Amino acid sequence: MRVLSGIQPSGRLHIGNYFGAMRQHLQLQAENEGFYFIADYHALTSGPKPDDLRQHRLAVAMDYLALGLDTNKTVFWCQSDVPEVTELSWILSCITPMGLLQRCVGYKDKIAQGLSANHGLFAYPVLQAADILIFNSNLVPVGADQKQHIEVTRDIAEYFNNTYGEVFVIPKEHIIASVAVVPGLDGRKMSKSYDNTIEIFEPEASVKKKVMRIVTDSTPVEGAKDPDKCNVFALLKLVASQDEIKEWDAKYRNGGTGYGQAKKKLAELLIEYFRPFRQKRAELEQNLDYVRDVLAQGAEKAKAVARETLAKARKAVGLD
Ligand code: ADP
Ligand code: TRP
C-alpha cells in the first residue's frame, strides 16, 4: 500500500510532532511503500523568513533521517523540488467549488491566530490534495487536525473523476489516534505557535529545564493526585514502560510523591528515549551534503511518479 504524508518545516520539530505524527510515519514504512515529504510550499503560506525556511527544511530532513527514516525503502523529498504538484494544484483548483474551501476550519484557525489572509492559505487544501493525488496515495496518516483536508481531497478527486474520467486513486485517511494530543509546557496542545514545546533534539540540559516548567496544580507532596489530569503524567506515559506507568500511577494516587519527583523522572526518560538518535543527528549535521543528496535522489523518484499522473490529468482536461 502506498502511504503518503507531509510535514511542514515551520520550526524545530517537537515531541508533539513525534508522538502525534512522525513515529507512526516511521512505523508504517516497514510494511508499506512510504512517500514522505517536507511541505515547504505549504510552509510558505505563513510567510517565513527565507533563511528560516532554508534552515528548517534541512533540520526536518535531519530529524527524520536520525529517527530512522529508511531511504532504501521510503521515498523522501522536499515538496518544492517536485513543482509538478503546483501545476496539478491549478488544474484541481479549477474544479474545486469555493464553498468546499470556505468550510475548511484550518484556514479560519490560522486567520484567528493572526496570519494574514493570503490566497495561498485559502488554497492550502487544494495543494494538499494535489500532493496526495499526484502520487496515487492509498493511505494518508495524519493527526486529527488534518482530517478535513483529507476529506476535501477525496471530494476533489471524486469531482474530477466524475467530470473527466477515472484519473485519481481515492485515498483513505488514517487518523493517528493512539496519541490524541500531546500537551505542551503550559497544558495547551504542544505547538510551535504557542511557544510551549520540547524539541526532539534540543540539548539535554534544556530538556531538564523545560520539564521543570511544566504547569501542574498545587496539590502538596502528601496529597493524592489524579494522573489523568496531569500534564507531566501525560508526557510520562509516552516514554515510560508499562511497569513504570503502573508504578507512577500508584505513586500519584497514593500521595507522598511530589510533582517535582515526577518531573525529574520524566526528564530522565525523555532524554533516554531520544538518546540513541542524537548521535546520528549530530553526524548528519556535519554532513549536510549527504542530507541534500538524499533529498535530491528522493525528488527524482517522486518526480517520475508525479509526471505520469500529471500527464494523465492534463490529457483528461484537454491540455495535452
Ligand atoms: P504545530 O502545531 O507545532 O505547528 P504542525 O501543525 O506543523 O505542528 O503539526 C505537524 C504534525 O504533527 C501534524 O500531523 C499534527 O497532527 C502533529 N502534531 C502537532 N502537534 C501535536 C500535538 N501536540 N499532539 C499530537 N500531534 C501533534
Ligand atoms: N497540512 C499538513 C500539516 O500541516 C502537511 C501536509 C501537506 C500534508 N501536504 C500533505 C499531510 C499531504 C498529508 C498529506 O500537518
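Residues numbered from 1 in each chain as written. Chains lettered and ligands numbered in written order. Predicted model: local features only at pLDDT ≥ 70, side-chain atom pairs only at ≥ 80, totals over all residues. Heavy atoms only, no water.

K.L.:
Explain the domain arrangement of the chain residue by residue, including any values.
P.N.:
In terms of domains, the chain is made up of domain 1 (2-181 + 287-317) and domain 2 (201-282). Taking the mean C-alpha position of each, domain 1 and domain 2 sit 33 Å from one another. Between domain 1 and domain 2, the contact holds 12 residues from the first and 10 residues from the second. In terms of surface lost to domain 2, no three residues of domain 1 exceed Ile15, Phe19 and Ala66, which account for 45% of the buried area on that side. There are one salt bridge connecting domain 1 and domain 2. Residues Arg281 and Asp63 are paired through a salt bridge, measuring 2.6 Å at the closest nitrogen-oxygen approach. Counting across the domain 1 and domain 2 interface gives one residue pair in polar contact (both at pLDDT 80 or more). For the side of domain 1 that touches domain 2, the secondary-structure elements that each account for two or more residues are helix H1 (15-28) and helix H3 (50-67). Examining the composition of the side of domain 1 that touches domain 2, we find that six residues originate from one element, H3, more than from any other. Split by residue class, the side of domain 1 that touches domain 2 holds nine nonpolar, no polar and three charged. (Domains from an automatic or database assignment. Contact = heavy atoms within 4.5 Å. Buried area = accessible area lost by both parts, 1.4 Å probe. Salt bridge = Lys/Arg side-chain N within 4 Å of Asp/Glu carboxyl O. Polar contact = N/O pair within 3.5 Å; in protein donor to acceptor, adjacent residues only side chain to side chain. Helix = DSSP H or I, 4+ residues; strand = E, 2+ residues; numbered from the N terminus. Nonpolar A, V, L, I, M, F, W, Y, C, P; charged D, E, K, R; others polar.)

K.L.:
Explain helix H7 (residues 119-134) residue by residue, including any values.
P.N.:
Its 16 residues place the ends of H7 22 Å apart at the C-alpha level, agreeing with the 22 Å of an ideal helix rising 1.5 Å per residue. Counted residue by residue, H7 has 14 buried out of 16 residues, so it is predominantly covered. The distance from a side-chain oxygen at the start of H7 to the backbone nitrogen of Gly120 is 3.0 Å, and the residue carrying that oxygen is Asn118. Asn136 occupies a position one or two residues after H7 and carries a positive phi of about 50°. (Expected span 1.5 Å × (residues − 1). Buried < 20%, exposed > 50% of the residue type's maximum accessible area, 1.4 Å probe, protein only.)

K.L.:
Can you break down the site of ligand 2 residue by residue, with the values?
P.N.:
Close contacts around ligand 2 come from 14 residues, with Gln8, Tyr124, Gln128, Asp131 and Gln146 the closest. Between Gln146 and ligand 2, the recorded distance is 3.0 Å, taken from a side-chain N or O atom to a nitrogen atom. Those elements giving two or more residues to the shell around ligand 2 turn out to be strand E1 (2-7), H7 and strand E4 (139-142). With four residues, H7 is the single largest residue contributor to the shell around ligand 2. Considering only residue class, the shell around ligand 2 consists of seven nonpolar, six polar and one charged. (Near = heavy atom within 4 Å.)

K.L.:
If you had to explain the side chain of Thr45 to someone new, which residues and values would you point to?
P.N.:
Structurally, the position occupied by Thr45 is in the loop between helix H2 (40-43) and H3. When near neighbours in sequence (up to four residues on either side) are disregarded, Thr45 contacts Asn118, Gly120, Leu121 and Tyr124.

K.L.:
For unusual backbone geometry, give the residues involved together with the corresponding values.
P.N.:
Positive phi is not limited to glycine here, since Asn136 has a value of about 50°. Secondary-structure assignment places Asn136 in the loop between H7 and E4. Unusually for a residue other than glycine, Asp195 sits at a positive phi of about 55°. Residue position: Asp195 is located in the loop between strand E5 (172-175) and helix H9 (204-212).

K.L.:
Account for the nonpolar core, with residues named and values stated.
P.N.:
Within the largest apolar cluster, 55 residues are counted, with the highest numbers of intra-cluster contacts made by Ile15, Phe76, Ile200, Leu266 and Leu270. In terms of residue count, helix H12 (residues 259-285) provides more of this core than any other element does, nine residues in total. Each of domain 1 (2-181 + 287-317) and domain 2 (201-282) contributes no fewer than three residues to this core. Sequence-distant contacts of Leu266, that is, excluding residues within four places in its chain, are made with Val211, Ile214, Val232, Leu235, Leu236 and Val239. Phe135, Val142, Phe168 and Ala299 belong to the second-largest nonpolar core, a separate cluster that totals 39 residues. (Core = buried A, V, L, I, M, F, W, Y, C linked by side-chain atoms within 4.5 Å.)

K.L.:
So, the site of ligand 1: which residues are in play, and what are the values?
P.N.:
Ligand 1 sits among 14 residues. The nearest are His14, Val182, Met190, Ser191 and Lys192. A distance of 2.9 Å is found between an oxygen atom of ligand 1 and a side-chain nitrogen or oxygen belonging to Asp145. In this structure, an oxygen atom belonging to ligand 1 sits 2.8 Å away from a main-chain N or O atom of Lys192. Notes on ligand 1: free accessible area 540 Å², of which the protein chains cover 86%. Among the residues making up the shell around ligand 1, the classes are represented as five nonpolar, six polar and three charged. (Areas by Shrake-Rupley, 256 points an atom, 1.4 Å probe, with all protein chains shown as cover.)

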